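The chain contents come next:
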Amino acid sequence: MTEGVDRLREAALALRDSVDDPRLALAFEDEQERRNWMYWPAPRQGVAFSDMTSDQQQLAFGIVAAVLNLHAYAKVTTIIGLEEVLREMELGGRGRRRPDGLPRDPSKYYTTLFGEPSSKGAWGWRFEGHHVSVHVTVVGGEVASTPLFFGSNPAEVRHGDRVILRPLAEEEDTARALLEALPAGQRRQALIDDRAPDDILTFNSPRVEVDLEGGVPLSDMSGTASELADALVALHVVRVKFPLEADTSGVHFAWAGSPERGGHHYYRLAGPRFLVEYDNTQNDANHCHSVWRDPADDFGDELLRRHIAEHHASNERR
């Protein structure tokens, strides 16, 4: 992991040294702002692309590329590009405008550093705008990379029978294949509601405090269903470059809404240390949200607790 963390730190320092703007770097101890995340278009703390030169924008993208594997990086750049598509749809009278009445703007994605990027201390980084929210917390060379949110509006762009763009296709298709692979009894257990919620249930909460019980335990699955469950977990974990062994103990798979493609639907994988939610209900089920969280280590909570405990233990030995 050391090489990847070094690249991340170097990318963050390159941007910090290039951008002379006090909005870029905030105190790591500002926990309220560090946990303040959202996935809709709105002003944020940090520096937007619109306030950077093209070279600085490339440095900001360089941090994103240091965190995400290529396929996930491609999703981010595609989602940002969809702002232009959405703007054309809205200005053409075929959709709704932003809540503030302004057109969509792919330059309103913000980069924020928390603390001093170093090899020993704790620091963090956030890249965020409409339908993208990427976070890392680095503590003593270890990395926590949740929450991680991707969304897509439209979820699918078509030309006749052909799909032109569908950024979160594997997130939907793998889950739907899992639902279909379950035996009849487990499928009934997985279908927790015939109506999908309007959005992910954890929303943009700084901590996961929602009751997410119900569904089929992954430990009860077998055969193709078990393989697809593993694939669904993996496709979220491998978005990031930092090796991670997902703790799926106690994780249940649940589905709400229509099991048919094109219908309003929602699913989740929920457990004490691993949570994924996916929702596609808005804009006639052509607007999806997907989030990956670690309820115990979002924003590096577990890393920080362990770091503090080790620091205290070290001081006691002296």
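Since we're looking at a predicted model, the values are computed, not measured. (Residues numbered from 1 in each chain as written. Predicted model: local features only at pLDDT ≥ 70, side-chain atom pairs only at ≥ 80, totals over all residues. Heavy atoms only, no water.)

### Here's the deal with the packing of aromatic side chains
Part 1: Scanning all chains against the criterion turns up 15 aromatic pairs.
Part 2: On the numbers, 6.3 Å between centres and 85° between planes, the contact of Phe-61 with Tyr-73 is edge-to-face. In this pair, Phe-61 sits in helix H3 (residues 54-67) while Tyr-73 sits in helix H4 (residues 70-91), placing the two residues 12 residues apart along the sequence.
Part 3: Taking the centre distance of 6.2 Å and the plane angle of 20° together, the rings of Tyr-109 and Phe-127 count as stacked. (Phe/Tyr/Trp six-rings, centres within 6.5 Å; stacked < 30°, edge-to-face > 60°. Helix = DSSP H or I, 4+ residues; strand = E, 2+ residues; numbered from the N terminus.)

### Here we look at the packing of helix H5 (residues 169-181) against helix H7 (residues 223-237)
Part 1: Here H5 crosses H7 at 160°, and the two axes come no closer than 9 Å. With respect to each other, H5 and H7 are oriented roughly antiparallel. Crossing hand, H5 versus H7: left-handed. Along its contact with H5, which presents Glu-170, Glu-171, Thr-174, Ala-175, Ala-177, Leu-178 and Ala-181, the element H7 presents Thr-224, Ala-225, Leu-228, Ala-229, Ala-231, Leu-232, Leu-235 and His-236.
Part 2: A class-by-class count of the residues in the contact of H5 with H7 yields 10 nonpolar, 3 polar and 2 charged. (Axes fitted to C-alpha atoms, helices over the stretch in contact; angles between N-to-C directions. Parallel < 35°, antiparallel > 145°, perpendicular 65-115°, else oblique. Left-handed = near helix turned anticlockwise from the far one by under 90°. Contact = heavy atoms within 4.5 Å. Nonpolar A, V, L, I, M, F, W, Y, C, P; charged D, E, K, R; others polar.)

### As for the pairing of strand E3 (residues 110-114)
Part 1: Burial of E3 is extensive: 5 of the 5 residues sit out of reach of the surface.
Part 2: Here E3 shows a buried face lined by Tyr-110, Thr-112 and Phe-114 and a second buried face lined by Thr-111 and Leu-113.
Part 3: Here strand E1 (residues 25-26) pairs with E3 via 2 bridges, running parallel. Bridging from a neighbouring strand, Leu-26 pairs with Phe-114 of E3.
Part 4: With 2 bridges connecting them, strand E2 (residues 47-48) and E3 associate as antiparallel partners. Pairing of Ala-48 across the sheet is with Tyr-110, part of E3.
Part 5: Two elements, E3 and strand E4 (residues 122-129), share 5 bridges in a ladder whose sense is antiparallel. (Buried < 20%, exposed > 50% of the residue type's maximum accessible area, 1.4 Å probe, protein only. Pairing = 2+ DSSP bridges.)

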